[in-house]
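The primary structure of each chain is shown beneath.
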Amino acid sequence: MERKLGIIGIGMLVTGCIPNMEPPAGSTAPAPPIVQPTPAPVTPRATPSRPLPTRATPVTPAPTARDTTRPAIRRSVPVTATRPVARPPVTRPPEARPPATRAMVEAAPQKPVATLPAPRPSWEIRPVTPDARAIAGSTYTVRPGDTLRSIADQTGAGTEAIARANALPPPYMVRIGQKLIIPGGRFHLVRPGETGIAIARAYGVPWSQIVDANALTEPYVLRAGQRVLIPGGTVGAPASTAAERAAAFSLNIDDILTGGEPALASNQAPAKPSTTPSRVLPPTAVVAAPARLSSGFVWPVEGRVVKRFGAGSSGERNDGIKIATPIGTPVKATADGVVAYVGDGIAALGGLVIVKHGDRWTSVYGHASKLLVQRGQAVKRGQTLALSGQSGFADRPEVHFELRRGRTPVDPLSQLPRR
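Quick notes on the rules
Residues numbered from 1 in each chain as written. Predicted model: local features only at pLDDT ≥ 70, side-chain atom pairs only at ≥ 80, totals over all residues. Heavy atoms only, no water. Helix = DSSP H or I, 4+ residues; strand = E, 2+ residues; numbered from the N terminus. Buried < 20%, exposed > 50% of the residue type's maximum accessible area, 1.4 Å probe, protein only. Phe/Tyr/Trp six-rings, centres within 6.5 Å; stacked < 30°, edge-to-face > 60°. Pairing = 2+ DSSP bridges.

### Regarding the environment of proline 282
By the element assignment, proline 282 lies in the loop between α9 (253–259) and β6 (304–307). Taking the relative accessible area as the measure of exposure, proline 282 reaches 41% and is therefore partly exposed. C-alpha of proline 282 to C-alpha of alanine 271: the two residues are 11 residues apart in sequence and 9.6 Å apart in space.

As structure tokens, then:
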């Protein structure tokens with residue numbers, strides 16, 4: 001502050017010697033001659049160690065009558081005046097930013113996934129009417145001409161359910177006079193083209209529970225005329241609305257693997273795989289999976305594994321691994337197989353491809369931005385299935401990759417070659 005006041009005093013002395021400039025405010029001495037200015041008494045020069053109490057506040061002189069057309073020259077700047085300085089915005093380095101939470105990722109707008117022209121899945125275009133018949137448990141005595149199928153038609157129970165209740169082995173032969181236990185429950189009659197997913201959605205029951213209640217096994221393809229037991233509910237209980245039943249159902253990978261194929265009619269055979277994405281199988285066609293795994297597994301994409309198989313730190317279980325890779329990277333088939341599903345029906349995984357390889361092996365590829373194959377298409381190991389992206393609930397560009405043996409997820413790192 002003292003240094004600034006000293007500089008102000010010197011500036012006022014110098015301006016007094018400049019033509020057409022006014023003397024300091026409060027001075028009564030005449031203006032010095034323009035040609036030969038005489039040294040006027042000046043205030044002694046202040047040093048940093050000597051304060052000037054009389055000049056604590058700079059004063060701007062008023063204009064004189066000699067020059068009324070020009071504004072007064074400002075001799076000093078108030079000490080308190082400051083000039084704003086433009087500063088670049090402060091950014092935090094990427095590694096210092098807090099990680100995105102699942103709620104943040106789910107709330108973020110999702111980009112649409114590009115797909116090839118194809119019909120919707122069969123469970124969407126072939127809805128199911130929940131008209132299951134509720135029957136009470138009873139016994140039945142076999143009469144001449146009866147078969148297990150005819151007994152099921154008479155009682156309303158499922159053939160497989162009666163066989164399980166009476167420990168009958170295939171081909172389910174019965175004897176005249178044999179007493180059979182007829183299990184009670186709700187039994188749904190399967191129509192041609194109906195899928196397990198559509199049946200579960202119609203009743204608001206997880207499809208996995210229906211699979212367990214009916215002891216269904218691979219390849220999990222229903223038959224028209226088959227009666228499946230619908231677990232839960234009681235006879236005479238009020239039915240929920242269609243919206244409530246739909247809200248109670250949530251699609252997952254296991255549902256697609258075990259309940260995604262439409263029911264076969266009595267004279268219908270599974271369709272042969274197509275060799276090109278331009279040949280699209282109808283949604284009512286049942287896709288035949290390969291019988292044998294013809295090769296080992298390869299990595300679907302190059303990149304760093306950012307999330308491993310199993311339970312994570314937040315408690316959520318990961319049924320596969322997540323591989324970080326730039327958007328648009330080709331995602332390749334890990335082995336030869338047939339495409340069982342293409343779409344974005346599972347919100348968390350976004351663009352999704354599921355391939356069946358034989359010997360009960362299945363591979364799953366999620367978070368894709370563009371899908372390049374069709375359901376029912378045969379693919380070779382290393383063939384491009386999709387382009388990577390950040391769809392679904394991914395918090396970075398990555399690929400979700402799973403391997404399953406039957407219904408059981410397997411750690412992909414135990415099957416892939418070491419890198």
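So that's the structure; there's more coming.
### Notes on the packing of aromatic side chains
Scanning all chains against the criterion turns up 3 aromatic pairs. Here tryptophan 123 and tyrosine 341 contribute two aromatic rings whose centre-to-centre distance is 6.0 Å and whose plane-to-plane angle is 20 degrees, an arrangement assigned as stacked. Residue tryptophan 123 is located in helix α3 (residues 122–125), and its partner tyrosine 341 is located in strand β11 (residues 337–343); the two are separated by 218 residues in the primary sequence. Taking relative accessible area as the criterion, tryptophan 123 reaches 7% and is therefore assigned buried. When the centroid spacing of 5.5 Å and the interplanar angle of 45 degrees are considered together, the rings of tyrosine 365 and phenylalanine 401 count as tilted. Taken together, the positions of tyrosine 365 in strand β13 (residues 361–371) and phenylalanine 401 in strand β16 (residues 398–405) put the pair 36 residues apart, joining distant regions of the chain. The exposure class of tyrosine 365 is buried, given its relative accessible area of 3%.

### Details of the pairing of strand β12 (residues 351–358)
Counting buried positions over the 8 residues of β12 gives 8, a clear majority of the element. Pairing between β11 and β12: 5 bridges, direction antiparallel. Among the inter-strand pairings, valine 342 is bridged to a residue of β12, identified as valine 353. The pairing of β12 with β13 spans 6 bridges and is classified as antiparallel.

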